[in-house]
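# Chain and residue survey
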Amino acid sequence: MAIEESKVQGSLIACVDSSGYLEPVIQHAIWWNSQISASGIVVANVSDLRCFDQPVVNELGGALGVQPFQGLVAELQRIESMRVETIRSRATALMEASGGGIRWRFDNRMGVPADVIQPFQSCALGVVLGKRGDGYGYASEHLGSNLDRILRSSQLPCLISSRQFRPLSSILIAYDGSESIENGLRHFVAFRDIRSLAVRLIHVREGSGQHSDEIAARMHAHVDALRAAGCLSVEADVMDGDVEDRVSDFVSRHDIGLLVLGARGRSRLRNLFVGSTTVELVRRCRIPILTFR
């Protein structure tokens, strides 16, 4: 089913399933929508195509016989329809409870969950998703495979929801001088509530610290830009050590509400991966994380 771009142009995409992340994903999308000039929210859900894959049909059909298998497929379709309707109802209740008059729509399609954002890449402003999907409780310290694939393929900013939503008042920007984090700062400086947010920027020097003086100077220039934009509480720090250790420790010690990261590092080697640093920080930090390309 093709996307009608005019109906989702400039929207935020909230990727949901029936896991415990459905509510916080939508709540984080509502918060993000309140900060930027989004046209609305698309609550997107995928019915997993692999449940009805033809090779599976052929294999089970041979094992069970045609009639029992046809009954099984019909029952699976009925259960899936009930699951989708439950998600739609929960989403409707959350959007109505927000009381903000937000334009939104529900979008369900057949496909592979990791590809949920592909139809929206050219027309949406950003994506909101949970760290794990259905069955997350069985591997609470591991990222969902769908999240990993979405982070690697998305050209859009991604807001990764924590398990519970809380009002966001303090933000940490992990500044590495990359184009990704520069894009993040341009996005962030336009937030409507920037005056009420406490913002910290940190740059972590690793190894020889090549280019660190230049990066630190650019970071402090962003401090001035944030103040000029109306941010009343903004500070910057430079520290040495391992990026993952330093950033995750800072998040814990300072009760940070949102971590902002670039999805790509400065070096060519790091640009071959969606940063291993980004993935590790998503794994370690139990707060919402906003990543940029």
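Above this text sits the structure in question.
Our subject in this report is the structure included herewith. (Residues numbered from 1 in each chain as written. Predicted model: local features only at pLDDT ≥ 70, side-chain atom pairs only at ≥ 80, totals over all residues. Heavy atoms only, no water.)

### Topic: the state of the cysteines
The criterion, for reference: By definition, disulfides here are pairs of cysteine sulfur atoms that lie within 2.5 Å. Think of it in three bands: with a 1.4 Å probe and only protein chains considered, a residue is buried below 20% of the maximum accessible area for its type, exposed above 50%, and partly exposed in between.
Evaluation of the coordinates by the stated rule reveals 0 disulfides. Not part of a disulfide, Cys15 finds its nearest cysteine sulfur in Cys158, a span of 8.1 Å. A relative accessible area of 11% places Cys15 in the buried class.

### Observations concerning the sheet that holds strand β1 (residues 12-15)
Rules: Two strands qualify as a pair provided DSSP detects at least 2 bridges between them. Helix and strand definitions here come from DSSP, where helices need a minimum of 4 consecutive H or I residues and strands a minimum of 2 consecutive E residues; each element is numbered from the N-terminal end. Here the axes come from fitting lines to C-alpha atoms, over the contacting stretch only for helices, and the angles between their N-to-C directions go from 0 to 180 degrees. In what follows, residue pairs with any heavy atoms lying within 4.5 Å of each other are defined as contacts.
The mixed open sheet is built from 10 strands, whose spatial order is β3-β2-β1-β4-β5-β10-β9-β6-β7-β8. Here the strands that pair on one side only, and so sit at the sheet edges, are β3 (104-111) and β8 (233-240). In this sheet, adjacent strand axes meet at a mean angle of 20 degrees when their direction is disregarded. Examined bridge by bridge, strand β6 (residues 170-174) and strand β7 (residues 198-205) share 5 bridges and lie parallel to one another. By the bridge assignment for β7, Ser170 is matched with Ala198. In this fold helix α7 (residues 212-228) packs onto β7 and β8, with an angle of close to 175 degrees to the strand it touches most, β7.

### Topic: the packing of aromatic side chains
What counts here: Stacked, edge-to-face and tilted labels apply to pairs of Phe, Tyr and Trp rings (six-membered ring for Trp) whose centres lie within 6.5 Å, assigned for plane angles under 30 degrees, over 60, and everything in between, in that order. Two conditions define a charge sitting above a ring: the NZ of Lys or the CZ of Arg must be within 6 Å of the ring centre, and it must be within 35 degrees of the ring normal.
In the structure shown here, the tally under the stated rule is 2 aromatic pairs. Aromatic pair Trp31 and Phe191: ring centres 5.7 Å apart, planes at 75 degrees, arrangement edge-to-face. Here the residue Trp31 occupies a position in helix α2 (residues 22-35), and Phe191 occupies one in the loop between α6 (179-188) and β7, the gap between them amounting to 160 residues. Pair check on accessibility: Trp31 and Phe191 agree, each one buried. Grouped by ring-pair contacts, the aromatic residues Trp31, Phe188 and Phe191 constitute a single cluster. Between the NZ or CZ atom of Arg163 and the centre of the ring of Tyr21, over which it lies, the distance is 5.7 Å.

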